[in-house]
Amino acid sequence: MTCSTVKVDTAGTELSYVHQEATQWQDRHPDIAYAPPEESIVLFGGLTPLQDHLLWAAIQTMGGNYVALPTPDNEAFRLGKAYGNRGQCNPTYFTSGNLIKYLQERHEEGMSKEEIVRTYVFATASGCGPCRFGMYTTEYRKALEAAGFGGLRIESFEQQKGIFQMEEGLRVTPFSPRFFIMAAKSVILGDILNLMGYQMRPYEVEAGAVDRAMEAAKDIIAEALQHRKNLAYAMYRCRKLFQQIPLDRTRVKPKVMVIGEFWAAMTEGDGNYHLHRFLEEEGAEVIPQLLINRFLLSIWEAKYDLIKHATLPDTSRPKIDFGHPKKRSMIQATKLAVKGYFTLYARAIGLRNYALPNMEKLYELSRDYYPVDSDGGEGHMEVAHLIEAVEENLAHLVISVKPFGCMPSSAVSDGIQSLITARYPNANFLAIETSGEGAANFYSRVQMALFKAKEAVKSEEV
Ligand code: SF4
């Protein structure tokens, strides 16, 4: 399926783009002499810094030149707002501004804008979601054009389309099955390492010991990815680094689960005011949302859609039940592979006390509150996570991070979660908006909710 987007910019001019990258850039911009693939440089980013680095290491093995962009900061946000359309959600501003910031820095170092456009390619994910995610590529183009980098190549893959996307046209970025498998492994490895950090840092006896082990582990895994070595063995080598760190598990810490919109809840920077580190500094243990959870949700949605379409009485729909068993097997195989790799690497490094979410159970928990057919943003996951956290006493505080201007997150956090907290009065839940400004207000609201969580921990001790 090709996903088309028609947008109107702030001046009222219609900007019409087809943002699946089948169109040849050279045809679209005959005036630009694009560098051949071997001389082009692919920019990517948007995960945690650790995962971006591991992905960078993994795709080196496929040939080509890659640069992982730094974590977006407030300057990136300012640039995104300056060059983007009005009324976007703030992850759009942070990520488009981050790209522009990187390109402007190259320009300040002496590279002409023409050379930058000729050389760089931006690789990103896209989709046909009902939220603004479906318009990201369009937004990047609009902002790039306004910043003087019009025509810079953007290559996107569709997040719901699986691993066979090479047929979309000639690309610089190798969106091959191997690319997606390497990307999934990098994300899983990074998730596990990040979890080790979150579980151990609050209890370290010597400040900074866990971060130093994380850095060393990052190098070991990156080296294994770059040289295609055994990844389970690399994780086992990392285990020894973590085992040497003295911990004081007698410290009593409130557990804080961070949920919300995917990017805002996951980024480790100004995009959420460094929320995870702030919580640790304030004496909490953070339970983060893993990136792989979003992937598991996409797999669950694919299966759900498949079953739903196959059983619809509407004959005008495409007959997809012809390939139904095959597609279902592929979905099942992908799920098993993801869970299998996660379990293998987690055991190798010694990660305990973590199980990947049971998507069927989360669906059952949320289906009375959230129409699961509305799959924008995090879909029903936010609702399910809150109910699960309260019913199973998983956390003393649940924080939902909702970016300013986010449609799905606002509807869930301000609407449905109010119903959940009314039904579960013992829930300590905070929905908090990240606007890119107003950090003092953000921190003070988090501190107030954390105070309640600390009181809850104390009462457990009595
Ligand atoms: S879920 Fe919200 S913040 Fe994320 S892309 Fe969609 S509208 Fe933007």
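Here is what the cut-offs are and how they apply
Residues numbered from 1 in each chain as written. Predicted model: local features only at pLDDT ≥ 70, side-chain atom pairs only at ≥ 80, totals over all residues. Heavy atoms only, no water. 1 Å grid on protein atoms, 1.4 Å probe; cavity = no way out; pocket = protein on both sides within 12 Å on 5 of 7 lines; lining within 4 Å. Points joined across faces, edges and corners; volume = space filled by probe spheres on them. Helix = DSSP H or I, 4+ residues; strand = E, 2+ residues; numbered from the N terminus. Nonpolar A, V, L, I, M, F, W, Y, C, P; charged D, E, K, R; others polar. Domains from an automatic or database assignment. Near = heavy atom within 4 Å. pLDDT = per-residue confidence, 0-100. Contact = heavy atoms within 4.5 Å. Pairing = 2+ DSSP bridges. Axes fitted to C-alpha atoms, helices over the stretch in contact; angles between N-to-C directions. Buried < 20%, exposed > 50% of the residue type's maximum accessible area, 1.4 Å probe, protein only. Arc of directions from axis to C-beta. Polar contact = N/O pair within 3.5 Å; in protein donor to acceptor, adjacent residues only side chain to side chain. Salt bridge = Lys/Arg side-chain N within 4 Å of Asp/Glu carboxyl O. Right-handed = clockwise from strand over helix to strand, strands pointing away.

1. Description of empty space enclosed by the protein
Thinking step 1. What the rule picks out here adds up to three cavities of 30 Å³ or more.
Thinking step 2. Reported here for the largest cavity is a volume of approximately 160 Å³.
Thinking step 3. Broken down by secondary-structure element, the contributors of at least two residues to the lining of the largest cavity are β7 (255–260), α10 (262–266), α12 (291–311) and α15 (381–391).
Thinking step 4. Tallying contributions element by element places α12 first for the lining of the largest cavity, with four residues.
Thinking step 5. Its residues assigned to classes, the lining of the largest cavity comprises eight nonpolar, four polar and four charged.
Thinking step 6. When we break the lining of the largest cavity down by domain, the ones giving at least three residues each are domain 2 (176–250 + 291–355) and domain 3 (252–290 + 356–462).
Thinking step 7. Within this model, the second largest cavity holds a volume of roughly 90 Å³.
Thinking step 8. Taken together, 13 residues form the lining of the second largest cavity, with T48, N194, Y198, P288 and Q289 sitting closest to its centre.
Thinking step 9. Within the residue set of the lining of the second largest cavity, elements represented by two or more residues are α7 (177–200) and α10.

2. Re the site of the ligand
Thinking step 1. Residues in contact with the ligand, as listed here, are C89, P91, C131, R132, F133, Y136, E261, G377, P403, C406, M407 and P408.
Thinking step 2. Grouping the amino acids of the shell around the ligand by side-chain chemistry returns nine nonpolar, one polar and two charged.
Thinking step 3. Of the residues that make up the shell around the ligand, three or more belong to each of domain 1 (4–173) and domain 3 (252–290 + 356–462).

3. Here we look at the confidence of the model for the chain
Thinking step 1. Looking at the chain as a whole, the pLDDT averages 87, with 88% of positions reaching at least 70.
Thinking step 2. Within the model, the stretch residues 1–22 combines pLDDT values under 50 with 65 contacts to residues more than four positions away or in other chains.

4. Re the sheet that holds strand β3 (residues 41–44)
Thinking step 1. What the four strands build is an open sheet, ordered β4-β3-β5-β6; its pairing is parallel. Unpaired on one side and paired on the other, β4 (65–68) and β6 (153–158) mark the two borders of the sheet. Neighbouring strand axes in the sheet, compared pairwise and without regard to direction, differ in orientation by 30° on average.
Thinking step 2. Taken together, the six bridges between strand β5 (residues 120–126) and β6 define a ladder with parallel strand orientation. Bridge assignment links V121 to a residue of β6, and that residue is R153.

5. Here's the deal with helix α14 (residues 359–366)
Three- or four-residue spacings in an α-helix give side chains the same orientation, since the helix completes a turn every 3.6 residues.
Thinking step 1. Those residues of α14 lying buried are M359, L362, Y363, L365 and S366. Down the axis of α14, the sector holding all buried residues measures 165°, keeping them to one side.
Thinking step 2. Where the residues of α14 are buried, they touch α12 and α15.
Thinking step 3. The N-terminus of α14 is capped by N358, whose side-chain oxygen sits 3.1 Å from the backbone nitrogen of E360.

6. Description of the side chain of N98
Thinking step 1. Residue placement: N98 occurs in helix α4 (residues 90–108).
Thinking step 2. When neighbours within four sequence positions are excluded, N98 is seen to be in contact with L69, P70, T71, P72, A76 and Y93.

7. A closer look at the pattern of salt bridges
Thinking step 1. In this structure the tally under the stated criterion is 17 salt bridges.
Thinking step 2. The closest approach of N and O atoms between E215 and K218, which form a salt bridge, is 3.7 Å. Here K218 and E215 lie together in helix α8 (residues 209–226), a separation of three residues that amounts to about one turn.
Thinking step 3. Judged by its relative accessible area of 17%, K218 falls in the buried class.

8. A word on the side chain of T92
Thinking step 1. As for its position among the elements, T92 is in helix α4.
Thinking step 2. Among the residues examined, T92 registers a relative accessible area of 2% and is labelled buried.
Thinking step 3. Non-local contacts of T92, meaning those with residues more than four positions away in its chain, are made with G97, Y136 and E139.

9. Notes on the pairing of β3
Thinking step 1. Pairing of β3 with β4 involves four bridges; the strand directions are parallel. Counterpart to I41 in the pairing with β4 is N65.
Thinking step 2. Remark: the β3/helix α2 (residues 49–59)/β4 crossover connection has right-handed handedness.

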